[in-house]
Amino acid sequence: MTSNAPSQCCMAGHLHEGRASGEIQELANISTYIAYPPDRSTKNAILFLTDGNGHRFINAHLMADQFAARGFLVVMPDLFHGDPIPVDYGPDFDIMGWYNQHLPPRVDPIIDAILGEMRTTLACQQVGAVGYCFGGKYVCRYLKAGKLNAGFVAHPTMVTVKELEGVEGPLSIAAAIIDPVFTTANRHESEAILARVDVPFQINLFSDVEHGFAVRCDLAEPRQRFAKEAAFEQAVAWFDRYVKE
């Protein structure tokens, strides 16, 4: 593994305040949050692969809207068949039991169907993907010719060596200094693999933050807020270079 199994840190964090401007729609019979850029263009798009809190999580909505405001169509599908980690999870919530109900045989068909709709019905010409925590694994799985043009992941979970070795396009990674899932050793291993694979890559390490910071940090803490906003700008810069035509 180049990132470890999910743990409590994959659920902890803070709710952010704001009003979403996108909409939940059915795409390929999958509940999907869609946010359009100001010009309503679908040419350059981002597939948003969420953490375990799923596609109805306000933090994810606000981030999708931010990407849309920067010129991308954003498509965020329900990866969990209506079974995300609840925001108000209790102390007895079994994260590994939940995770084992959402393995690639159940998730891959969702992504295949959504990408198919993006490339046809929505007429997307260039598609990048962001993946946070749970979603990071699937950015790596799908970063291949004909599927994704570029990828960005933050604090990824359960990425295998084979998946990372299989990437065929530019990959950017945002990491936290405190992270039992994407550890220092995992990060260094990922660097070595990506150097061998010989694709464009970038790994940014942020101090003062923990796993989940790019989605669920405490915005009242200036250093955490800075790291979250910097990771977002990292993703935008990556897609401006490798997705926009």
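Calculation criteria
- Residues numbered from 1 in each chain as written.
- Predicted model: local features only at pLDDT ≥ 70, side-chain atom pairs only at ≥ 80, totals over all residues.
- Heavy atoms only, no water.
- Core = buried A, V, L, I, M, F, W, Y, C linked by side-chain atoms within 4.5 Å.
- Buried < 20%, exposed > 50% of the residue type's maximum accessible area, 1.4 Å probe, protein only.
- Helix = DSSP H or I, 4+ residues; strand = E, 2+ residues; numbered from the N terminus.
- Contact = heavy atoms within 4.5 Å.
- Salt bridge = Lys/Arg side-chain N within 4 Å of Asp/Glu carboxyl O.

As annotated in an unreviewed UniProt entry, the protein carries the name Dienelactone hydrolase domain-containing protein and is attributed to Aspergillus tubingensis.

**What about the nonpolar core?**
Leu-47, Ile-111, Met-118 and Leu-171 are the most contacted members of the largest nonpolar core, which has 48 residues in total. The element contributing the most residues to this core is helix H3 (residues 104-119), with 6 residues. What Ile-111 contacts, discounting residues up to four positions off in sequence, is Leu-47, Leu-49, Leu-79, Tyr-138 and Tyr-142. Formed by 34 residues, the second largest nonpolar core is a distinct cluster that contains Met-76, Ala-150, Phe-239 and Val-243.

**Examining the environment of Met-63**
Here Met-63 lies in helix H1 (residues 58-69). Here Met-63 falls in the buried class, since its relative accessible area comes to 2%. Residues Met-63 and Glu-117, 54 residues apart in the sequence, show an inter-C-alpha distance of 22 Å. Contacts of Met-63, omitting those with residues within four sequence positions, involve Phe-48, Tyr-132, Ala-214, Val-215, Lys-228 and Phe-232.

**Some words on the pattern of salt bridges**
Pairs can form between side chains of opposite charge whenever their charged atoms are close. Applying the stated criterion to the full structure yields 9 salt bridges. Put simply, Glu-165 and Arg-196 hold a salt bridge, and the shortest N to O gap is 3.6 Å. Within this pair, whereas Glu-165 is found in helix H5 (residues 161-165), its partner Arg-196 is found in helix H6 (residues 184-197), the two being separated by 31 residues in sequence. Owing to a relative accessible area of 58%, Arg-196 belongs among the exposed residues under this scheme. Of the charged contacts in the structure, one is a salt bridge between Asp-208 and Arg-223, with a shortest N-O distance of 3.2 Å. Here Asp-208 is found in strand E8 (residues 201-210), whereas its partner Arg-223 is found in helix H8 (residues 222-242), with 15 residues between them in sequence.

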